[in-house]
Amino acid sequence: NAGVTQTPKFQVLKTGQSMTLQCAQDMNHNSMYWYRQDPGMGLRLIYYSASEGTTDKGEVPNGYNVSRLNKREFSLRLESAAPSQTSVYFCASSEGGGASTDTQYFGPGTRLTVL
Amino acid sequence: LAKTTQPISMDSYEGQEVNITCSHNNIATNDYITWYQQFPSQGPRFIIQGYKTKVTNEVASLFIPADRKSSTLSLPRVSLSDTAVYYCLVVDYNTDKLIFGTGTRLQVFP
């Protein structure tokens, strides 16, 4: 099992460009999450999906959209990138419906730079 | 939002016990407190979780007082490979959102 995979690993954008970060998991998990981690800081939840077809905002959702394409895939879209969105983006998944007892499994991250 | 505070960094030597505390002043009453470990250029990895009192697994112990305003991760006899950043994860009482702590960078010396 590959676990949680993310593409791309690195990306450089110009201000105003759009892009989609892809995430897939092969553990048959119900919940999936998107976090951002700014240099030297902790992780902040952007959006999560407790089950296929549902999405909810996290702590910092502004400037992002998400799509739970199916049970395996959860994508994060930046419609008009801004330098403040320069960060490392982590996708995670968990077996349950997003409860605090769920163990989250994280992908390797996507390092995004917006110029 | 729940304010979660951790020491920025800690130093230790191999073989010592390390205790890292996370202060969380407004967490949901029925949710668990979880700790994760993160190595450079990797995603976080689950260590341990608990609701109250003490929980122990093969790698760590977690102490949670009755008021649940803090939690302490205890790593017995650390080794060089324990050098990493450690985060607590809680649920905010008002928003029901998951909130990671600020993180503690642990450096273990030989």
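Up top is the structure.
Criteria and thresholds
Here the residue numbering is sequential within each chain, running from 1 through the sequence in written order. A letter from A marks each chain and a number from 1 marks each ligand, given out in the order of writing. Note on the predicted model: pLDDT of at least 70 is required for a residue's local features to be given, and 80 or more for side-chain atom pairs to be given and counted; whole-chain, interface and lining totals, by contrast, use all residues. Side-chain metrics rest on all non-hydrogen atoms present in the structure, leaving aside hydrogens and water. For helices the rule is a DSSP run of H or I covering at least 4 residues; for strands it is a run of E covering at least 2, with both sets numbered from the N terminus onward. Using a 1.4 Å probe on the protein chains alone, a residue whose accessible area is under 20% of its type maximum counts as buried, one over 50% counts as exposed, and one in between counts as partly exposed. Any two residues whose heavy atoms approach within 4.5 Å are treated as being in contact. Nonpolar cores were defined as sets of buried Ala, Val, Leu, Ile, Met, Phe, Trp, Tyr and Cys residues, with membership established by side-chain atoms within 4.5 Å. A simple way to read buried area is as the amount of 1.4 Å-probe accessible surface that goes missing from two parts once joined, with both sides added. By convention in these notes, a salt bridge is any Lys or Arg side-chain nitrogen within 4 Å of a carboxyl oxygen on Asp or Glu. In protein, a polar contact means a hydrogen-donor-capable atom and an acceptor-capable atom, both N or O and within 3.5 Å, with residues adjacent in sequence counting only if both atoms are side-chain atoms; elsewhere, any N or O pair within 3.5 Å suffices. Gly falls in the polar group here, along with every residue not listed as nonpolar (Ala, Val, Leu, Ile, Met, Phe, Trp, Tyr, Cys, Pro) or charged (Asp, Glu, Lys, Arg).

**Q** Just to check I follow, could you spell out the environment of Thr-7 of chain A for this structure?
**A** Residue and element names in this part refer to chain A. With respect to the helices and strands, the residue Thr-7 is situated in strand E1 (residues 4-7). On the basis of relative accessible area, Thr-7 is assigned to the partly exposed category, the value being 46%. In sequence terms Thr-7 and Gly-107 are 100 residues apart; their C-alpha atoms lie 9.8 Å from each other. Setting aside residues up to four positions removed in sequence, Thr-7 forms contacts with Leu-21, Gln-22 and Thr-110.

**Q** When you look at the nonpolar core in this model, what are you seeing that I'm missing?
**A** In this structure, Trp-35, Leu-73, Leu-75 and Tyr-86 of chain B are the most contacted members of the largest nonpolar core, which totals 21 residues. Secondary structure elements with two or more residues in this core: strand E3 (18-24), strand E4 (33-38), strand E5 (45-50), strand E7 (61-64), strand E8 (70-75), strand E9 (84-91) and strand E11 (104-109) of chain B. Broken down by element, the residue count for this core peaks at four residues, all from E9 of chain B. Ignoring anything within four residues of it in the chain, the contact list for Leu-75 of chain B reads Gln-16, Glu-17, Val-18, Val-59, Ala-60, Tyr-86 and Leu-106 of chain B. In terms of nonpolar packing, the next biggest core, distinct from the first, is built from 20 residues, Val-4, Cys-23, Val-66 and Leu-78 of chain A among them.

**Q** Honestly, the interface of chain A and chain B in this entry has me stumped. Any pointers?
**A** Contacts between chain A and chain B engage 21 residues on the former and 21 residues on the latter. Where chain A abuts chain B, roughly 1600 Å² becomes buried across the two surfaces, and 55% of that area is made up of carbon and sulfur atoms. Seen at the junction of chain A and chain B, the total is zero salt bridges. Applying the counting rule to chain A against chain B returns five residue pairs in polar contact (both at pLDDT 80 or more). Secondary structure elements with two or more residues in the side of chain A that touches chain B: strand E4 (31-37) and strand E5 (43-49) of chain A. For the side of chain A that touches chain B, a count of residues per class yields nine nonpolar, eight polar and four charged.

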